[in-house]
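Report on the structure
Residue-level listing of the chains:
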Amino acid sequence: MISFRTALAALTLTATCAGPLAGQGSLAPDDEPSPSMKRLDQIEPRTDLARLPGDLTSLIVINNPGSYYLSSNLFGVGGKHGIRVNASDVTIDLRGFTLVGDATSLDAISCAGARVTILNGSATNWRFGVDLGANGTVEQVKVAQNRAGGFRTSLPAALRQCVAATNGGDGFELGPSATLTSCHAETNAGLGFRLGADAELLRCSSRANGTGGFSGPIVTASLTQCSSVSDAAGFVVGPNSRLRECTVRQCIATSISAAQDSTLIHCQVYGAETGTGIAGQDGCQYLHCSVSNAATGMQVTNASTLQACTVRNCPQGGIVAGDTCTLTNCVVRNCGVAGITVGANCTVSACTAQGGTLGIVASHGTIVERCSIQGTTSHGIQAATNCRLASNICRTAGGSGIVTEISCILTDNIVTGTVLAGIQAGNSSQVLGNMATFAGGAGNPQPGIFLNGFCRAENNYAAANTSYGIRSLGNAGFADVLMRNFSRGNSGGVGGAQTNANYFPYPNTFVGPIINPADAGQLPSANY
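Let us look at the structure shown here. (Residues numbered from 1 in each chain as written. Predicted model: local features only at pLDDT ≥ 70, side-chain atom pairs only at ≥ 80, totals over all residues. Heavy atoms only, no water.)

What about the overall build of the chain?
- Each helix and strand in the chain was counted, giving 2 helices and 61 strands.
- Taken over 528 residues, the chain has a buried fraction of 48%.
- A separation threshold of at least 6 residues defines the contact pool for the chain, and within that pool the share at least 24 residues apart is 24%. (Helix = DSSP H or I, 4+ residues; strand = E, 2+ residues; numbered from the N terminus. Buried < 20%, exposed > 50% of the residue type's maximum accessible area, 1.4 Å probe, protein only. Contact = heavy atoms within 4.5 Å.)

Below, the structure is given as structure tokens:
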């Protein structure tokens, strides 16, 4: 067997005998080394703006598409723009430098061309900071102390991380379909943001602007996670607008005002002490919104929907709604005049009113159901004609728990601890299955249920009231009907003049069997 070493030696000898190997050529390079990558100016040629001439109206004029940059601060002169862009498809990198105008300079950057992009710099003391053409883009640019305004756009534009401060007009004057992201307007004499049609703003903020934060009262807009602080007014938007997670603090006038068919979701208002927190026109939706420390919390017109909204500490009223509105799971605390006031034919469900003067005030034809009212200085629920009040709880009212006008239906309500009568039902009402306890007090005798004629009271429970449990005003021609009610432990009339303290029906009242604990085990000897 041939070993590995023997085979290797034989191979080496064979190669040596065969003569020298073929030549491989010189390893020295033929030419000098050259770069294999293109320079930046070969990929994207850029022109120093200082190389461009101006004309009678502008210090620098761009007449050709391309990429340009600023190499130093630019100082304006009277009657001229700083940079005038006549071409389309232009990019200007300000490279952190500032365009500084004088008292009569025109615009810092004025664009007549389309698709102009302006980046990374600032402009101060011009007429306008940036006047952008169609489909333009501005990123990380600040404009301040310009006489007429900060940014102005015409056709669709995109602005990102821009700032407009202390300008003589609006901070941002937007044309149609503008899109703004993370922009800020502060201490401008006009509006922070003047909205154009179909504007979309995300995470933009406004502070202390003279005539308002965000305003476009006749145009549709979409604003998300935007904020207004100490502006004259917060948000004023046109029909079919949408505000989501927007916040207003310490505005002077109305904080949020929405035109018809708009939607507000998770919006918050704090401290509009002389104005309305949220105001809206017909057909708007308010979902999970909150207002605190405004003059009036929420004031909306007809056919509006409020769901899970919260209002606190508003002395002129909590929620004021027009006709055919729907309120569900709303909470109002410590609001003067009334916690919730609604127009005709509304529905108020599962709402809470605590403190304040009146709890819920309902116009005719309204349904109030499963609501909780507590600690009001006057009535808990005050309802007009043809209302339906069902399964509500009223505690410790400074007036009556429930007061209605004519032809109402009251079912399964609980009223306790009122200063006046627990339930006062207007004539021609039905009072069915309610509980009224602890009405009145020392020196203030009050009945649990007071009927004003033509009423039907059935299956009610009245106990521990300082006057009669159920008192009827069934005088001639206005007879009430009382059936199957339960009354106990009531104190009767002043001085105890009546022999039966639990019931006091007038002579014309029609009274069916009434259960009295004293009659247990026997038929009652009287109908009351």
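Now, onward.
Details of the environment of T117
- Looking at where T117 falls in the secondary structure, it is placed in strand β9 (residues 116–124).
- Residues contacting T117, with those up to four places away along its chain left out, are V90, T91, I92 and T137.

With respect to the nonpolar core
- Within the largest apolar cluster, 108 residues are counted, with the highest numbers of intra-cluster contacts made by F172, L195, L201, L223 and L327.
- In contact with L201, other than residues within four places in its own chain, are L174, L180, F193, L195, F214, S222, L223, T224 and C226. (Core = buried A, V, L, I, M, F, W, Y, C linked by side-chain atoms within 4.5 Å.)

Focus: the environment of N125
- The residue N125 is located in the loop between β9 and β10 (128–132) in this model.
- Taking the C-alpha atoms as reference, N125 lies 7.9 Å from S105; in sequence the two are 20 residues apart.
- What N125 contacts, discounting residues up to four positions off in sequence, is G101, D102, A103, A144, Q145, N146 and R147.

Focus on the pattern of salt bridges
- Counted by the stated rule, this structure contains 10 salt bridges.
- Between E369 and R370 there is a salt bridge, with its nearest N and O atoms 3.9 Å apart.
- On the basis of relative accessible area, R370 is assigned to the partly exposed category, the value being 49%.
- Each of R456, E458 and R484 takes part in salt bridges that share partners, so that together they form one network. (Salt bridge = Lys/Arg side-chain N within 4 Å of Asp/Glu carboxyl O.)

Thoughts on the side chain of N188
- Mapping N188 onto the fold places it in the loop between β17 (184–186) and β18 (191–194).
- Within polar-contact distance, the side chain of N188 engages the backbone nitrogen of T166 at 3.4 Å.
- When neighbours within four sequence positions are excluded, N188 is seen to be in contact with A164, A165, T166, N167, G169, D170, G171, A208, N209 and G210. (Polar contact = N/O pair within 3.5 Å; in protein donor to acceptor, adjacent residues only side chain to side chain.)

As for the packing of aromatic side chains
- Applying the stated criterion across every chain, the model contains 5 aromatic pairs.
- Note on F151 and F172: the rings are 4.9 Å apart at their centroids and 10° apart in plane angle, and the pair reads as stacked. In this pair, F151 sits in strand β12 (residues 149–153) while F172 sits in strand β15 (residues 170–173), placing the two residues 21 residues apart along the sequence. In this pair, the class of F151 matches that of F172, namely buried.
- Between F214 and F235 the ring centres are 4.6 Å apart and the planes differ by 5°, which places this aromatic pair in the stacked class. (Phe/Tyr/Trp six-rings, centres within 6.5 Å; stacked < 30°, edge-to-face > 60°.)

Observations regarding the side chain of T247
- In this structure, T247 sits in strand β26 (residues 247–249).
- Leaving out residues up to four positions away in the same chain, T247 has contacts with C226, S227, S228, F235, Q268 and Y270.

Some remarks on the pairing of strand β30 (residues 276–280)
- Burial of β30 is extensive: 5 of the 5 residues sit out of reach of the surface.
- Sheet analysis places strand β27 (residues 256–258) next to β30, joined by 3 bridges and oriented parallel. By the bridge assignment, S257 is partnered in β30 with A279.
- Sheet analysis places β30 next to strand β33 (residues 296–300), joined by 4 bridges and oriented parallel. What sits directly across from I278, in β33, is M298. (Pairing = 2+ DSSP bridges.)

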